[in-house]
Amino acid sequence: FHRPSEEQIDGKPMAMVVHLVHKSASGKLAVIGVLMRESAVQNRALWAIWKNMPAKETPETTVSSVSINPANLLPREREYFSYQGSLTTPPCTEPIRFFILKTPINMSREQIDLFPFKLNARPVQPLNGRVIESN
């Protein structure tokens, strides 16, 4: 999760983005980015994550009493933008294929405020010749 979103549509960021990182058997990486906008509606799928998220950066841990279905974080509409990029956290591994869903999901102001990392987004990078495709 990054706050604000690390991607922008028409030059505008969203409140947050979740990056679902996938690794193939051959080690290639792809990221599905789901933009998250502030709304009056709470996102039920986020509560299990938020209730178990550490208040500060810590080593990765497993919470065995919690089960999350990432599909619950996806919008119904699955149209996307796609481009080659790099991971947005060190070591910023390249190349990564990004698929940024065009339709954001909703989250409440309370959920945004409860996210413990107030600014943890990499600044938007120049295109540097990359092409953004759309389906």
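The structure presented is a predicted model; accordingly, all values stated were derived computationally and were not measured.

Chemist: Outline the overall build of the protein chain, supporting the account with residue identities and numerical values.
Modeler: Assigned secondary structure in the protein chain consists of two helices and eight strands. Taken from N to C terminus, the helices and strands of the protein chain fall in the order β-β-β-β-α-β-β-β-α-β. Over its C-alpha atoms the protein chain spans a radius of gyration of 15 Å, differing by no more than 12% from the 14 Å that the globule rule assigns to 135 residues. By principal-axis analysis of the C-alpha atoms, the protein chain measures approximately 40 × 35 × 25 Å. Each of the 135 residues in the protein chain was classed as buried or not, and the buried ones make up 28%. Put simply, of all contacts in the protein chain between residues at least 6 apart along the chain, 61% involve residues at least 24 apart. When the 16 positive and 12 negative side-chain charges of the protein chain are each reduced to one mean point, those points stand 3 Å apart.

Chemist: Quick rundown of the nonpolar core? Include the residues and the values.
Modeler: Among soluble globular proteins, nonpolar side chains are generally buried collectively. Grouped together as the largest cluster of nonpolar side chains are 14 residues, with contacts concentrated most on Met-16, Val-18, Val-34, Met-36, Leu-46, Trp-50 and Met-107. Going through the elements one at a time, strand E3 (16–23), strand E4 (29–39), helix H1 (44–52) and strand E7 (105–108) are the ones with two or more residues in this core. Dropping the residues within four chain positions of it, Val-34 is found in contact with Met-16, Val-17, Val-18, Leu-20, Leu-73, Leu-74, Pro-75, Leu-101 and Ile-105. One finds Val-17, Ile-96, Phe-98 and Ile-100 within the second-largest nonpolar core, a separate group that totals eight residues.

Chemist: Describe the confidence of the model for the protein chain, and please don't skip the residues or the numbers.
Modeler: With 100% of its residues at a pLDDT of 70 or more, the protein chain shows a mean pLDDT of 94. The secondary structure element of the protein chain with the lowest average pLDDT is H1, at 93, and the one with the highest is E7, at 98.

Chemist: Account for the pairing of strand E6 (residues 96–101), naming residues and giving values.
Modeler: Note: E4 against E6, four bridges, orientation parallel. Within the sheet, the bridge partner assigned to Ala-30 lies in E6 and is Arg-97. Alignment of strand E5 (residues 80–85) against E6, held across six bridges, turns out to be antiparallel. Each bridged residue has a counterpart across the sheet, and for Tyr-80 the counterpart in E6 is Leu-101.

Chemist: Outline the environment of Ala-30, listing residues and values.
Modeler: Mapped onto the elements, Ala-30 comes out in strand E4. Of the residues examined, Ala-30 reaches a relative accessible area of 22% and is grouped as partly exposed. Sequence separation between Ala-30 and Lys-51 is 21 residues; the distance between their C-alpha atoms is 27 Å. When near neighbours in sequence (up to four residues on either side) are disregarded, Ala-30 contacts Leu-20, Val-21, His-22, Ile-96, Arg-97 and Phe-99.

Chemist: Any chance you could break down the packing of aromatic side chains for me, citing the residues and the numbers?
Modeler: Overall, the coordinates contain six aromatic pairs when judged by the stated rule. Summarising the aromatic geometry, the rings of Phe-115 and Phe-117 are spaced 5.6 Å apart at their centres and angled 70° between planes, so their arrangement reads as edge-to-face. Taking relative accessible area as the criterion, Phe-117 reaches 25% and is therefore assigned partly exposed. The aromatic ring of Phe-81 is capped on one face by Lys-102, whose charged end is 5.0 Å from the ring centroid.

Criteria and thresholds
Residues numbered from 1 in each chain as written. Predicted model: local features only at pLDDT ≥ 70, side-chain atom pairs only at ≥ 80, totals over all residues. Heavy atoms only, no water. Helix = DSSP H or I, 4+ residues; strand = E, 2+ residues; numbered from the N terminus. Rg over C-alpha atoms; globule rule 2.2 N^0.38 Å. Buried < 20%, exposed > 50% of the residue type's maximum accessible area, 1.4 Å probe, protein only. Contact = heavy atoms within 4.5 Å. Lys, Arg positive; Asp, Glu negative; His and termini not counted. Charge placed at Lys NZ, Arg CZ, Asp CG, Glu CD. Core = buried A, V, L, I, M, F, W, Y, C linked by side-chain atoms within 4.5 Å. pLDDT = per-residue confidence, 0-100. Pairing = 2+ DSSP bridges. Phe/Tyr/Trp six-rings, centres within 6.5 Å; stacked < 30°, edge-to-face > 60°. Lys NZ or Arg CZ within 6 Å of the ring centre and 35° of its normal.

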